[in-house]
Amino acid sequence: MIKALVLTCILITTVTAASAERLRVRSGEHKDFTRLVVQIPLGTEWNLRQLHNGAELSVALDGAVYETDTVFNRLYGHRLTSVSQKRSGSSLELAFGCDCVATAFLFRGTMIVVDIAPGQFLSPLALIQSKLAKRRPLKAQKQVELQPKKFEIPLLNLSRQDLETQMMSRILQGADREVVDLDLSDVGPRRSTAIDPEVIASDLTANLQVTSILDELRGLGGFLEPPFNSIPACITDAELDFDAWHGTQQFEHQVAYLRSELFEEFDHINTERALELAKLYAYHGFGAEAVQVLNLLPEQSEITSRIRAIAHAMDERPALESHPFSHQQRCDGITALWSVLIEKKLDPEAELYAIEKSFSLLPDHLRRQFGPTLMDTLAKAGKLEESRRVMRSVERLDLEDRNELNLARASIADAGGEDALAETLLSEVAATAMAAEESALALARLIEKRWSDRKPVSQQNIDLAAAYAVELRRSEFGPKMKRAHALALGLNHDFDRALSLIQSSTTDDGWDGTQSQVLQLLAERADDITYLRHALNLPKAVVGQLSTETAIALSKRLAKLGFAQQAFNLANRSEDKLRRVDRTRLRAQAALQNGRPHQALLELAEDDSDEANRIKADAYIKIEEFSQAATILSELGETGEAARYLWLAGLVDEASM
């Protein structure tokens, strides 16, 4: 019997885990609206419910979890203020920062598109529902109030001139919307074609209706599909022909020949030979030389932009703002690999099989060069198995310098939860004396990992980080090592020196994150005097740059120490988009400490958690609503306290029960 129960529990757990769906939420900011796109399985039922200054999106999937980590990375407006989900399987809650409404429609059968735009809040009758598996025709919709009024022209009441005017207005409107093509005849006399009376059906009513599909959808904002951003077509392997860039002869012979043929009479550049030489340089890893040859060309073309993008990747330069391999990670070819290597970031729609296959077909020298970069990129995206396969492919090669490979191996170990191995590899590279850049990068990553694990840093590593910050101050690693030094000081509780170093370097880029990390450590570890000395004197500009996690940590510590107004200000920042529930509770707690219990109750009106109910009970006690407080305390299981407040409310009979 016990075995049967155990097996039943295991099966229930397995089915529940298997049925759980992770739904990625992507975002985009447009001039007139903010867009969210949720990827769902085909045939899933969903609905969007309008709320006052918000909306709720629900899908018929057990245990559905919305991945909203990257939603606000591409948003710069204030139409959407927060995206949250209370628990697994619950609806996705959207909060608006304007008088906006949300509309939704289905795109390509597997994408729910939610557009947030300024508008008037609709009544609950405007519930937008749809079935993705089988959408009903528009005529069958029960929402009669949303049906547009058709354009009808009573023929008997219009003159010929009025009829032609209205017909032309409708036709031009359809042409403006690109629903119909308008092909105008040339100016001048032309023959008119008479209409055969037999062509006209005899059962037509005495009305003429000229409409387009957009007229039919007017008023049905939830089904009106604004245009999607165009995505460039994939560059095929045959079109790029990267394998042919190396030529057929030895490298030095080809370089000598092509350089001798580079200039023609009157020093005119030979475009064909220049392109061949640039391709040859890029294929063999000489990125700077390839770019130098391309700069000689009087005109740039599509092929030159492709060579230039690959050459930049060869020299590990920052990716160009726009390059021809953008949006190519979804493609089935070598362009997917080049897109990853150039951007050093994996797209959610990346074709991993094509990327791995293309990497395995690269020559040995390019696999040595790009292997660690690809390993690190895949590991950061959580693709551990794919990253390990690339690592095994690189380890079979004859490598002279293994520091860069060990850095990538440390990233894989860290992503896979192998903390001890990651620290060992990073410490090994950091201790290498002959590789300054790799050692400095390893030390910075080691300090960052110590911050994630909340572990101290040895004094030797702190001194080494300070030395690297001075030694590499004129390189791209200088600011990184200076930030690592400040973070290491914070991990060792030297907050005065750490914050002083940050304040003297705030003009440099990248310090906002380090400042938030050190201040979060301050909230967690500093003594009360040190904490208050720094937390109460934060400039307004610094407060606006803090991460949400840091602002919440500082606010909790201030509320605990009795500084209610300062805690409320940190929990009420307009910059924060995440952890809405935590920030709401902090604002309620601060309002209660400030003697504003009614505001605390308003803040927690939609929160029924135990923590929120405890604050509500305290608020009711403050305003002497003892019966309400007793009800909440009874639900929390505090029967003794509940009976006490029932007695104070004069409900003696209920208190004795």
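The numbering scheme is per chain: residues are counted from 1 as the chain's sequence reads. The model is predicted, so local features are restricted to residues of pLDDT at least 70 and side-chain atom pairs to those at 80 or more, both for listing and for counting; the totals for chains, interfaces and linings are taken over all residues. Only hydrogens and water are removed before side-chain values are computed, so all heavy atoms of the structure are retained for them.

*Asks:* Explain the overall build of the chain residue by residue, including any values.
*Replies:* If you tally the helices and strands in the chain, you get 29 helices and twelve strands. Whether a residue is buried, partly exposed or exposed follows from its accessible area with a 1.4 Å probe, protein chains only, as a fraction of its type maximum: under 20%, in between, or over 50%, in that order. Expressed as a percentage of its 657 residues, the buried residues of the chain come to 41%. Here a residue-residue contact requires only that any non-hydrogen atoms of the pair lie within 4.5 Å. Sequence separation of at least 24 residues holds for 57% of the intrachain contacts in the chain that already meet a minimum separation of 6. Residue burial considers only the protein chains on display, and all accessible areas are found by Shrake-Rupley using a 1.4 Å probe. As displayed, the chain has an accessible area near 37700 Å², and 51% of this comes from carbon and sulfur atoms. For helices the rule is a DSSP run of H or I covering at least 4 residues; for strands it is a run of E covering at least 2, with both sets numbered from the N terminus onward.

*Asks:* Account for the packing of aromatic side chains, naming residues and giving values.
*Replies:* The geometry of two aromatic rings is summed up by the distance between their centres and the angle between their planes. When the centres of two rings from Phe, Tyr and Trp lie within 6.5 Å, Trp using its six-membered ring, the rings pair. Their planes under 30 degrees apart give stacked, over 60 give edge-to-face, and anything left gives tilted. Counted according to the given criterion, the structure contains seven aromatic pairs. Aromatic side chains W338 and F370 sit 5.6 Å apart centroid to centroid with 90° between the ring planes, which places their arrangement in the edge-to-face category. Taken together, the positions of W338 in helix 9 (residues 334-343) and F370 in helix 11 (residues 364-380) put the pair 32 residues apart, joining distant regions of the chain. On the basis of relative accessible area, F370 is assigned to the buried category, the value being 2%. Here the aromatic cluster, defined as three or more aromatic residues joined through ring pairs, consists of F242, W245, Y283, W338 and F370.

*Asks:* Which residues make up the sheet that holds strand 1 (residues 22-29), and what values do they have?
*Replies:* Note on pairing: two strands pair once DSSP finds at least 2 bridges between them. Pairing is mixed in the open sheet, where five strands are placed in the order 5-1-2-9-8. Here the strands that pair on one side only, and so sit at the sheet edges, are strand 5 (65-67) and strand 8 (100-107). When the angles between neighbouring strand axes are averaged without regard to direction, this sheet yields 25°. Of the pairings in the sheet, the one linking strand 8 to strand 9 (residues 111-118) comprises eight bridges and is antiparallel in character. From the neighbouring strand, F105 faces strand 9, where its bridge partner is V113. Note on geometry: axes are C-alpha line fits, over the in-contact stretch for helices, and angles between N-to-C directions span 0 to 180 degrees.

*Asks:* Residues and numbers for a negative patch on the surface, please.
*Replies:* Taken together, the side chains of D237, D241, D243, D332 and E351 present a region of like negative charge at the surface. Along the chain, D237 turns up in helix 4 (residues 237-240). By definition, no residue in a patch forms a salt bridge, and every one has over 30% relative accessible area; like charges are joined within 9 Å, nonpolar side chains (Val, Leu, Ile, Met, Phe, Trp, Tyr) within 5 Å. The salt bridge criterion pairs a side-chain nitrogen of Lys or Arg with a carboxyl oxygen of Asp or Glu, the two atoms within 4 Å. Working convention for charge: Lys and Arg count positive, Asp and Glu count negative, and His plus the chain ends are omitted. Taken as the charge centre is NZ of Lys, CZ of Arg, CG of Asp or CD of Glu, depending on the residue.

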